[in-house]
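Analysis of the macromolecular model
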Amino acid sequence: SKINLVSRQDIENLVSRHIAPSLALAKLMRLRKNEKVMDVGTGGGLPGIPLAICYPKCFFSLVSGILWLTQEEKKFWLSRKW
């Protein structure tokens, strides 16, 4: 099955409406090596994936649809020490 991360009608605006705002956060964030970041409600991986590219020495967890996780997945995420 195919999943669209952004609307097909909006693909020409992918950079200006989705990637650029994600990268704007990188200017505000001053993350140090090995810091942990969680993007809750990430949906299509924004802003988590662009930020993870900007900060390759940090650890990013992208969480989407937590209500639909299995019990084991919920236990895993809720037991994490952030």
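Residues numbered from 1 in each chain as written. Predicted model: local features only at pLDDT ≥ 70, side-chain atom pairs only at ≥ 80, totals over all residues. Heavy atoms only, no water.

**Quick look at unusual backbone geometry**
In the segment running from Leu46 into Pro47, the intervening peptide bond is cis, with an omega of 10 degrees. Assignment of secondary structure puts Pro47 in the loop between β1 (36-40) and α2 (48-54). (Helix = DSSP H or I, 4+ residues; strand = E, 2+ residues; numbered from the N terminus.)

**Here we look at the pairing of strand β2 (residues 59-63)**
Where a strand is regular, its side chains alternate between the two sheet faces. Pairing of β1 with β2, which is carried by five bridges, proceeds in the parallel orientation. Bridge pairing in β2 links Met38 to Ser61. Each parallel crossover has a hand, and the one from β1 via α2 to β2 is right-handed. (Pairing = 2+ DSSP bridges. Right-handed = clockwise from strand over helix to strand, strands pointing away.)

**Looking at the side chain of Ser22**
Relative to the elements of secondary structure, Ser22 occurs in helix α1 (residues 14-28). Reaching out from Ser22, the side chain makes a polar contact with the backbone oxygen of His18 at a distance of 2.9 Å. Among residues more than four places away in sequence, those in contact with Ser22 are Leu46, Pro47, Pro50 and Leu51. (Polar contact = N/O pair within 3.5 Å; in protein donor to acceptor, adjacent residues only side chain to side chain. Contact = heavy atoms within 4.5 Å.)

**So, the nonpolar core**
Core analysis: the biggest nonpolar cluster contains eight residues, these being Ala26, Met29, Leu31, Val37, Leu51, Tyr55, Cys58 and Phe60. Setting aside residues no more than four positions away along its own chain, Leu51 makes contact with Ser22, Leu25, Ala26, Met29 and Phe60. (Core = buried A, V, L, I, M, F, W, Y, C linked by side-chain atoms within 4.5 Å. Buried < 20%, exposed > 50% of the residue type's maximum accessible area, 1.4 Å probe, protein only.)

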